[in-house]
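# Structure at a glance
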Amino acid sequence: AKDGVISDWHFQHYSRFAFSGLGAAFVEATGVSPEGRIGHGCTGIWSDSHVEGLSKIAKIFNEYNCLSGIQLAHAGRKASYLRPWDGASPITENDKVEPAWQTIGPSAIPINNSSPVPKEMTLEDIYKVREDFKRAAQRADKAGLSIFSIIFKFNFAITSNAPVLPAEITTSASFFFTLSIESHILVSLPFLAASSGVSLSLIHISEPTRLLSISYA
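Going along each chain's sequence as written, the residues are numbered from 1 onward. Local features in this predicted model are restricted to residues whose pLDDT is 70 or higher, and side-chain atom pairs enter the listing and the counts only when it is 80 or higher, whereas totals over whole chains, interfaces and linings include all residues. The basis for every side-chain value is the complete set of heavy atoms in the structure, and neither hydrogens nor water enter the calculation.

### Describing the packing of aromatic side chains
Think of it this way: a Phe, Tyr or Trp ring, Trp meaning its six-membered ring, pairs with another when their centres are within 6.5 Å, and the plane angle makes it stacked under 30 degrees, edge-to-face over 60, tilted otherwise. According to the stated counting rule, one finds 2 aromatic pairs in the structure shown. Here Y14 and F17 contribute two aromatic rings whose centre-to-centre distance is 6.1 Å and whose plane-to-plane angle is 55°, an arrangement assigned as tilted. Here F17 and Y14 lie together in helix α1 (residues 8-19), a separation of 3 residues that amounts to about one turn. Note on classification: 1.4 Å probe, protein chains only; a residue is buried when its accessible area is under 20% of the maximum for its type, exposed when over 50%, partly exposed between these limits. Classification of F17 as partly exposed rests on a relative accessible area of 22%. Aromatic side chains F19 and Y64 sit 5.0 Å apart centroid to centroid with 70° between the ring planes, which places their arrangement in the edge-to-face category. One end of the pair, F19, is in helix α1; the other, Y64, is in the loop between α2 (51-63) and β2 (67-73), and 45 residues separate them in sequence. Overall, the relative accessible area of 48% leaves F19 in the partly exposed class. Working definition: helices are DSSP H or I runs of at least four residues, strands are E runs of at least two. Numbering for both runs from the N terminus.

### Points about the environment of I147
Of note, I147 is situated in strand β5 (residues 147-151). Since its relative accessible area comes to 6%, I147 is described here as buried. Along the chain, I147 and I70 lie 77 residues apart, while their C-alpha atoms are 6.4 Å from each other.

### Things to note about the confidence of the model for the protein chain
pLDDT runs from 0 to 100 and stands for how confident the predictor is about each residue. Per-residue pLDDT for the protein chain has a mean of 75; in total, 68% of the residues score no lower than 70. Between two residues, a contact is recorded if the distance between any of their heavy atoms is within 4.5 Å. Residue range residues 200-217 is modelled with pLDDT below 50. Its contacts to residues more than four positions away, or to other chains, number 57 contacts.

### Here's the deal with the pairing of strand β1 (residues 24-31)
Bridge analysis of β1 against β2 gives 6 bridges, and the strand direction is parallel. Looking at β2, one finds that F26 is bridged to G69. Whether a crossover is right-handed depends on one test, that the path from the first strand over the helix to the second runs clockwise when the strands point away from the viewer. A crossover links β1 with its parallel partner β2, the connecting element being α2, and its sense is right-handed. Two strands form a pair only when DSSP identifies at least two bridges running between them.

### Digging into α1
Helix length check: α1, at 12 residues, gives a terminal C-alpha distance of 16 Å against a target of 16 Å (1.5 Å per residue), a fit within 8%. Burial in α1 covers these residues: H10, H13, Y14, S15 and A18. Looking at the buried positions of α1, the neighbouring elements they touch are β1 and α2. Expected span of a helix: the number of residues minus one, times 1.5 Å.

### Describing the pairing of β2
Within β2, 5 of the 7 residues are buried, which leaves the element mostly enclosed by the surrounding structure. Direction of pairing for β2 relative to β5: parallel, over a ladder of 4 bridges. Residue pairing for β5: L72 is matched across the bridge by I150.

Rendered as structure tokens:
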């Protein structure tokens, strides 16, 4: 994708799932913000300009009685990576065409020695991530998608704030767990489908990683 926008390639790619007779299929890992993408090539849903392309996919799915879903994601400290066919490694500062960006996480600890050092999230960062997910859900609804999945993948923004990695938990990270996960993000999931006016038929929690094993329907 370019700037997160669905292209003809995506339309052809996802249309085949509808043609094959599946009951449901998802547009994968779609960034709720530019900095929430894994890399520059990921699809996005942080702008109203993304709705048109996603609505085309939803339309073809509906025509073939295939429920249309989307994975809403924020890659957290696992962001700013090259495309798989370019090595799937962190983007370096030397790449001027598609530059790296500042990643965020519960502490300034990278995934490994070759990964970028994330910025430790402030309370304002947490509020922004929550708002980004809310706006993304509204755009998914506007695009006509029937299901959205919140990606709880290991090292992504939401799960990285949970104390599943004791060695990486700082005082502030423990604080962020209480505020961002229990108080601000998880309890906001039903809010996405209610107070935001979103009428999606299902909210699915993907890859709960010891946090959740439930879906809000």
